[in-house]
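Listed below, chain by chain, are the residues.
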Amino acid sequence: MKRIISSVLAALCVLSLASCGYSDARKKAEEKMEKYGPAFEQAVRDAYGDDVEIRGMRSSVDGYTDGAFQTSFSAGALTGRIKLDGKTYKVQYNDLSHTLYDNVHSDAIAGEVIDSLPFDASKYIKKSCPLPMLESDIDSLSKLVSSGTGVRFKVAIVTTEDMSSYKDKDFLAIPKIKEITESDSCNICITVACLERRSAAQAKSLLNAIAIGNVHFSSGTHPNISTRKGPKDVFEEYDLKNVLYIDFANGQNVVFTGA
C-alpha cells in the first residue's frame, strides 16, 4: 500500500511540475506576443503591403520530452495566416533574427522545377514537391539557390506516361535541374511512377507512401509495402507499369524499374 501511495504521490508531483512548466511557458508566449507582435505585423506589411492582415497570430507552447520522460516547455515562434489573391498562406516570425518566413512562394518555386521536366504533363495524375517555409523575399528558384538555404527538392509524380523512353535522358542538361545540383545548399531527387490505368485514388495513396518514406525506388528492384495482409509488391499493390527514379546526390543516378 505504501508503494502505491508513493507512486501516486510521485506521479502527482510530476504532473504538478509539468503543469507549472507549461504555465510558465504559456506566460512567456503571451509576453513574446505582446513584445514582438507589432514587429511581426510590420514585417508582413513590408513584404506584402499595408492591406494584408494577419489572422490567428499566436506564439504556441512547444513541449519536449527527454529520455527520462521529463517534459519541458518553451514559448514557440510567432505564427499566423495571411490571405493573398484569395489564397491563405502560413507566416512565421523569428524574433531573434527579426526574419519573416512563409509559404507564399514555395508552390511557385516547386512548380518551376516540375514544369522544367521533360515529361508529358497532360498525363499527370498527381504531383508533389513540398518545400519548407522560406524567407519572404525568396520568390524564385534562382533566389532560393543563391540564398544558401538548405532545401531538398523531393519531386514525386504519378502519371500514365510510359517512362521507358527516359532511361537514357541527360537530366543535367535541363537548366533548372543543373542550377539546383550545382548549388552548395540544395539537392533534388525525382520519382515518376507510371500506372497501368488512371486512378486518382491509387495515385494519391502511392504519392503519400513515397512522401513518408514507406516506398523508395532507388534499388532498381520491386520494393514491398506493408498492407493489412502483410508485405506486398508495390507494383502489384498500385498496378504499376514502370518507375523512373533520378537522384543527383553524386552526379546523376538514373534508375529505371519495369514491371
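Residues numbered from 1 in each chain as written. Predicted model: local features only at pLDDT ≥ 70, side-chain atom pairs only at ≥ 80, totals over all residues. Heavy atoms only, no water.

### Quick word on the pairing of strand β11 (residues 240-247)
Within β11, 7 of the 8 residues are buried, which leaves the element mostly enclosed by the surrounding structure. Examined bridge by bridge, strand β8 (residues 186-195) and β11 share 7 bridges and lie antiparallel to one another. Residue pairing across strands places L195 opposite L240, the latter belonging to β11. By the bridge criterion, 6 bridges tie β11 to strand β12 (residues 253-258) in an arrangement that is antiparallel. (Buried < 20%, exposed > 50% of the residue type's maximum accessible area, 1.4 Å probe, protein only. Helix = DSSP H or I, 4+ residues; strand = E, 2+ residues; numbered from the N terminus. Pairing = 2+ DSSP bridges.)

### Looking at the sheet that holds β12
Taken together, the 5 strands give an open sheet; going across it, the order is β5-β7-β8-β11-β12, and neighbouring strands pair in mixed fashion. Only two strands of the sheet have a single neighbouring strand rather than two, namely β5 (124-128) and β12. In this sheet, adjacent strand axes meet at a mean angle of 10° when their direction is disregarded. Lying over the sheet, helix α2 (residues 106-115) contacts β5, β7 (151-159) and β8, oriented at roughly 60° with respect to β7. (Axes fitted to C-alpha atoms, helices over the stretch in contact; angles between N-to-C directions. Contact = heavy atoms within 4.5 Å.)

### Looking at α2
Every buried residue belonging to α2 is among S106, I109, A110, V113 and I114, and all of these are buried. When α2 is viewed along its axis, its buried side chains cluster within an angular range of 140° and face the same direction. When the buried face of α2 is taken as reference, the exposed residues oriented beyond 90 degrees from it are D107 and D115. (Arc of directions from axis to C-beta.)

### Let's talk about the environment of D24
With respect to the secondary-structure elements, D24 resides in helix α1 (residues 2-48). In this structure D24 comes out as partly exposed when scored by relative accessible area, which is 43%. The spatial distance from the C-alpha of D24 to the C-alpha of A75 is 9.0 Å, given a sequence separation of 51 residues.

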